[in-house]
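The lines below spell out each chain.
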Amino acid sequence: MKEKIQFKKQRDIGEIITDTFKFIRTEWKPLGTLILKIAGPALLILIVAASMYTQTALGSFSTLGFNNTGPELFTGTVIISLIVMMFSTVAYFSLLYGTILNYIKSYVNNNGIADAEEVKNGVYSNFWSLIGLGFLIGLITGVGFMLCVIPGVYVGVVFGTAYSIHVFQKRAVDDTISYSFKFIKDEWWITFATYIVIYILFYIINLVFQIPLIIYTFVKTFTAINETSMNPAEMFDWGYTALNGISLLAQYILQSILVISTVFVYFNLNEKKNFTGTIEAIDTLGASDQE
């Protein structure tokens, strides 16, 4: 019998990281299956569009056999692939957040067993609101970074738990934005430190999947140095495209680590402020004593 993870409790940084990977270890198969079923199509479109954009933007369109098509098709491909990549990115992350958050919501409500149908219904009901929330968060954070880096970092940390607030507390998008600032009050620095540690771990894990691409690029660069007549575009051939696609696939799937960790951060902060888990535990003990 697999170990049930208690979400509604306070945790320090070490416990948040440990329980994030413990949850992934115990739930990776059912959760991963749902992520691929629900968010997989958007991810596939995103990878194809990103690979095409990378090839075109690097000026290697000739290596795909379109070297005689002219600048019009080249420019058109760049614009189309960029637009598709932008929309598929928004769709993928909305579906990814929706799947993971609704999976954990079902997991908590059903005593450690997530109901797939319940998760799907939750994702589809939250899809457009998550897109709207993501757009507002991106806009506010982007403005913060343009004005000065520090405001961007500040609101970025504030909105780290916004998606969890929206799904678990069923708040409207505008209410979620305003409540996020109240929710993290007096806990910003510890939350910032937690995210820093998590992002470092994520970067290290993600780097492992980029090693083949790094090696391939190094070899091609070394070859180009020794062959003065080599076209620079040849460095970005189908081998590079395939390895780049694999690294992108791993990077986007590994984003699940960040999403799950923000859920643990949310429950930690919620327990500190609202004592939800403690109250439920007391109610459960009271009900047991009355029986």
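What you see is a predicted model; the values in this text were computed from it and never measured.

Conventions we followed
- Residues numbered from 1 in each chain as written.
- Predicted model: local features only at pLDDT ≥ 70, side-chain atom pairs only at ≥ 80, totals over all residues.
- Heavy atoms only, no water.
- Helix = DSSP H or I, 4+ residues; strand = E, 2+ residues; numbered from the N terminus.
- Contact = heavy atoms within 4.5 Å.
- Areas by Shrake-Rupley, 256 points an atom, 1.4 Å probe, with all protein chains shown as cover.
- Core = buried A, V, L, I, M, F, W, Y, C linked by side-chain atoms within 4.5 Å.
- Buried < 20%, exposed > 50% of the residue type's maximum accessible area, 1.4 Å probe, protein only.
- Axes fitted to C-alpha atoms, helices over the stretch in contact; angles between N-to-C directions.
- Parallel < 35°, antiparallel > 145°, perpendicular 65-115°, else oblique.
- Left-handed = near helix turned anticlockwise from the far one by under 90°.
- Nonpolar A, V, L, I, M, F, W, Y, C, P; charged D, E, K, R; others polar.

J.: What am I meant to see in the overall build of the protein chain here?
T.: Looking only at helices and strands, the protein chain features nine helices and zero strands. Counting helices and strands in the order they occur from the N terminus, the protein chain gives α-α-α-α-α-α-α-α-α. Sequence separation of at least 24 residues holds for 75% of the intrachain contacts in the protein chain that already meet a minimum separation of 6. When the accessible surface of the protein chain is summed, it comes to about 15700 Å², and 68% of that surface belongs to carbon and sulfur atoms.

J.: Teacher, can you tell me more about the nonpolar core here?
T.: Soluble globular proteins tend to pack their nonpolar side chains together in the buried interior. Within the largest apolar cluster, 65 residues are counted, with the highest numbers of intra-cluster contacts made by Phe7, Phe23, Tyr92, Ile100 and Ile104. Top element by residues in this core is helix H1 (residues 13–57). It accounts for 14 residues. Every residue in contact with Phe23, bar those within four places of it in the chain, is listed here: Ile5, Phe7, Trp28, Leu31, Tyr103, Ile104, Tyr107, Ile260 and Phe264.

J.: Whenever I open this one, the packing of helix H3 (residues 116–147) against helix H6 (residues 173–183) confuses me. Can you help?
T.: Two measures define how a pair of helices packs: the angle their axes make with one another and the distance between the axes. Remark: H3 packs on H6, axes separated minimally by 9 Å, with the N-to-C direction vectors making an angle of 45°. By the angle between their directions, the pair H3 and H6 is classed as oblique. With respect to the hand of their crossing, H3 and H6 are arranged in right-handed fashion. Packed against H3, whose contacting residues are Ser129, Gly132, Leu133, Leu136, Ile137 and Ile140, the element H6 presents Val173, Thr176 and Ile177 at the interface. Among the residues forming the contact of H3 with H6, the class breakdown is six nonpolar, three polar and no charged.

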